Amino acid sequence: MDRKTIEVLDRAGISFAANVEVPGGGTNIILKPDELQEFVSDKDGYAAKRFGVSRELYRQWVDSDGTVQCSARTTSGSRCKNMVSGPIQQDIEDWLKMLGTNCAVHGGEESHRK
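Residues numbered from 1 in each chain as written. Predicted model: local features only at pLDDT ≥ 70, side-chain atom pairs only at ≥ 80, totals over all residues. Heavy atoms only, no water.

Draft legend 1. Focus on the packing of helix α3 (residues 43-51) against helix α4 (residues 55-63). Look at α3 against α4: their axes get within 8 Å of each other, and the N-to-C directions meet at 90°. When the axis of α3 is compared with that of α4, the two are roughly perpendicular. Taking contact as the criterion, the partners of D44, G45, A47, A48 and F51 in α3 are, on α4, R55, Y58, R59 and W61. Here the residues of the contact of α3 with α4 sort into 5 nonpolar, 1 polar and 3 charged. (Axes fitted to C-alpha atoms, helices over the stretch in contact; angles between N-to-C directions. Helix = DSSP H or I, 4+ residues; strand = E, 2+ residues; numbered from the N terminus. Parallel < 35°, antiparallel > 145°, perpendicular 65-115°, else oblique. Contact = heavy atoms within 4.5 Å. Nonpolar A, V, L, I, M, F, W, Y, C, P; charged D, E, K, R; others polar.)

Written out as structure tokens, the structure is:
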């Protein structure tokens, strides 16, 4: 679609909606006409920018389903595979706050879920 057609549609009040991945599925976002090409060229890069994080952090958030992996190291030196206690499918702001924390085994808080 050419730029002129996009501008005509925008002036007519037609919105451009797109779906991006988030933990638990997807969410719709509204794109401005001048954002369409960027979105089409790099959907993950655009989504990362929209959420205010790097492309790498965006993919980690989505791929982890909004859970945080323990940041502790085991006695063998590898990273602990446990998840930090807490909710799953967290929004990006809460997920970012939990990065770098530990699971209950490594001194982090225990979940109070039963």
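Draft legend 2. Looking closely at the pattern of salt bridges. Within this structure, the stated rule accounts for 6 salt bridges. Between R59 and E21 there is a salt bridge, with the nearest N and O atoms lying 2.8 Å from each other. Here R59, found in helix α4, pairs with E21, found in strand β1 (residues 16-22); they are 38 residues apart in sequence, far enough to count as distant. On the accessibility criterion, E21 (38% relative accessible area) is partly exposed. The salt bridge partner of K49 is E38, with a shortest N-O separation of 3.3 Å. You can see K49 sitting in helix α3 and its partner E38 sitting in helix α2 (residues 36-41), a full 11 residues away along the chain. When salt bridges with common partners are traced through the structure, they connect E21, D44, R59 and D63 into a single cluster. (Salt bridge = Lys/Arg side-chain N within 4 Å of Asp/Glu carboxyl O. Buried < 20%, exposed > 50% of the residue type's maximum accessible area, 1.4 Å probe, protein only.)

Draft legend 3. The side chain of T67, seen in detail. Mapped onto the elements, T67 comes out in the loop between α4 and α5 (92-98). From its side chain, T67 meets the backbone oxygen of S64 in a polar contact 2.7 Å long. Once you skip the residues sitting within four places of it in the chain, T67 turns out to touch M83, P87, I88 and W95. (Polar contact = N/O pair within 3.5 Å; in protein donor to acceptor, adjacent residues only side chain to side chain.)

Draft legend 4. Region of the structure containing the packing of aromatic side chains. Inspection of every chain in the model, using the stated rule, returns 4 aromatic pairs. Taking the centre distance of 6.0 Å and the plane angle of 15° together, the rings of F51 and Y58 count as stacked. The partly exposed category is assigned to F51, whose relative accessible area is 25%. For Y58, a relative accessible area of 1% corresponds to the buried category. Measuring from centroid to centroid gives 5.1 Å for F51 and W61, while their planes differ by 65°, and the two rings are edge-to-face. Here F51, found in helix α3, pairs with W61, found in helix α4; they are 10 residues apart in sequence, far enough to count as distant. Members of the aromatic cluster, connected to one another through ring pairs, are F51, Y58 and W61. (Phe/Tyr/Trp six-rings, centres within 6.5 Å; stacked < 30°, edge-to-face > 60°.)

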